[in-house]
Amino acid sequence: MRLFGFLRRLAPAGLAGCLLAGLAGCAQPQRQSVSWFDVFDTVTILQGYTTSEEEFSEQAAALKVDLTEYHQLYDIYNSYPDMNNLKTVNDNAGVAPVQVDQKIIDLVKLGREMYELTDGRVNIAMGSVLSLWHDAREAGLANPESAALPGMEALEEAAAHTDIDQVILDEEAGTIYLADPEMRLDVGSLGKGYAVEMVCQAAQARGLESALLSVGGNLRAIGEKPEGPWAGGVENPWDSEAGSLFTVELTDCALVTSGDYQRYYTVDGKQYHHIIDPDTLMPATYFDSVTVRCPDSGMADGLSTALFNMPLEEGLELVESLENVEAAWMLPDGSTRTSSGFSQWCR
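As a starting point, this report considers the structure included with it. Note that the structure is a prediction, hence the values are computed from the model and not measured.

The rules behind these values
- Residues numbered from 1 in each chain as written.
- Predicted model: local features only at pLDDT ≥ 70, side-chain atom pairs only at ≥ 80, totals over all residues.
- Heavy atoms only, no water.
- Helix = DSSP H or I, 4+ residues; strand = E, 2+ residues; numbered from the N terminus.
- Expected span 1.5 Å × (residues − 1).
- Buried < 20%, exposed > 50% of the residue type's maximum accessible area, 1.4 Å probe, protein only.
- Polar contact = N/O pair within 3.5 Å; in protein donor to acceptor, adjacent residues only side chain to side chain.
- Patch = residues over 30% accessible without salt bridge, like charges linked within 9 Å, V, L, I, M, F, W, Y side chains within 5 Å.
- Areas by Shrake-Rupley, 256 points an atom, 1.4 Å probe, with all protein chains shown as cover.
- Salt bridge = Lys/Arg side-chain N within 4 Å of Asp/Glu carboxyl O.
- Lys, Arg positive; Asp, Glu negative; His and termini not counted.
- Charge placed at Lys NZ, Arg CZ, Asp CG, Glu CD.
- Phe/Tyr/Trp six-rings, centres within 6.5 Å; stacked < 30°, edge-to-face > 60°.
- Lys NZ or Arg CZ within 6 Å of the ring centre and 35° of its normal.

### Here's the deal with helix α4 (residues 102-117)
- With 16 residues, α4 ought to run about 22 Å at 1.5 Å a step, and its terminal C-alpha atoms sit 22 Å apart, in line with that.
- Turning to α4, its buried residues number three or more, namely I104, I105, L107, V108, K109, L110, G111, E113, M114 and L117.
- A side-chain oxygen of the first residue of α4 lies 2.7 Å from the backbone nitrogen of K103; this N-cap is D101.
- Downstream of α4 by a residue or two, D119 has a phi angle that is positive, lying close to 55°.

Pasting the structure below:
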């Protein structure tokens with residue numbers, strides 16, 4: 001099955017080789033870090049070990065160029081010069097196919113695979129529904145006293161335009177066409193994670209052997225630190241000052257969390273978060289957060305959203321059926337559940 005083609009580990013042999021070579025005069029890797037605030041509308045932090053500041057700066061600059069391109073390609077709100085992005089695709093719904101970069105086609109293909117794997121709990125064609133929630137949230141944050149929920153009638157009308165089969169890919173021509181004029185794509189459920197995976201693979205191909213990339217908390221480790229695996233914390237969704245619930249070891253893999261505490265607004269004293277259940281068209285209420293650990297950041301991102309939108313036992317069954325995938329669920333009653341192999345990665 002094509003889905004599992006990206007469930008692979010990239011061996012950190014290069015890092016080990018450099019460390020051994022250090023015994024013969026190779027400069028010892030030094031820890032470096034850099035942060036950005038202008039991609040994917042969040043904080044990006046890159047930490048890494050290189051033998052010189054110049055090497056790290058070159059790697060970081062190249063990675064940021066890649067990440068910026070993905071950010072622009074997957075943007076549904078803004079247009080960019082000389083680029084057809086997802087906004088271009090949405091603007092041409094029901095009008096004409098749009099010639100797009102392969103990076104968009106590959107993401108849409110992943111979106112279809114995740115839709116099938118999760119029985120529709122992740123649907124990149126839900127943009128018409130999600131835009132109603134986005135607009136209501138933005139208005140509510142701007143003017144809390146008049147914050148309101150989108151009307152259920154409008155949500156149900158929008159939900160009639162979320163059939164992913166109406167997303168027509170022509171790989172030979174390199175085009176995407178939304179056959180439903182009222183359909184809109186929204187890849188917020190997996191676009192950032194997929195971009196993180198792709199830029200990390202590109203950085204490894206350029207020779208970066210030890211790094212940890214965080215894009216808004218989406219973590220992807222490249223290799224290990226000289227002293228061992230990287231580590232990522234799973235935030236406590238009930239008390240942000242209480243420290244991490246879990247500290248998870250990461251080597252050439254990703255750790256992604258979806259939670260109800262990350263983006264929300266308040267209506268009549270009740271908080272409404274941004275992860276919308278396709279069945280109810282309302283924010284999902286099964287969990288406060290879900291964390292996924294697996295080799296591929298795109299899959300981890302999509303799965304964390306899907307698991308957030310399905311009952312615990314169903315999610316457990318799905319995770320246990322997938323190779324090299326583990327998860328943790330934080331329930332509204334303050335308890336936690338984990339998949340059978342999650343604890344082996346926890347410190």
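### Considering a negative patch on the surface
- Negative charge collects at one region of the surface, where E153, E156, E157 and E182 lie side by side.
- For E153, the position within the fold is in helix α6 (residues 152-159).

### Re unusual backbone geometry
- In the Ramachandran plot, D41 falls in the positive-phi region, its phi being about 55° despite a non-glycine side chain.
- Residue classification places D41 among the exposed positions, given a relative accessible area of 73%.
- The phi angle at D252 is positive, at roughly 50°, despite the residue not being glycine.
- With respect to the helices and strands, D252 occurs in the loop between β9 (244-250) and β10 (254-259).
- By relative accessible area, which is 3% here, D252 ends up buried.

### Examining the packing of aromatic side chains
- Under the definition given, this model contains six aromatic pairs.
- Ring geometry for Y286 and F287: centres 6.1 Å apart, planes at 40°, overall tilted.
- Chaining the aromatic ring pairs together yields one cluster made of W133, Y265 and Y272.
- Seen from the ring of Y70, K103 lies directly overhead, with NZ or CZ sitting 5.8 Å from the centre.

Nothing here speaks to function; it is geometry throughout.
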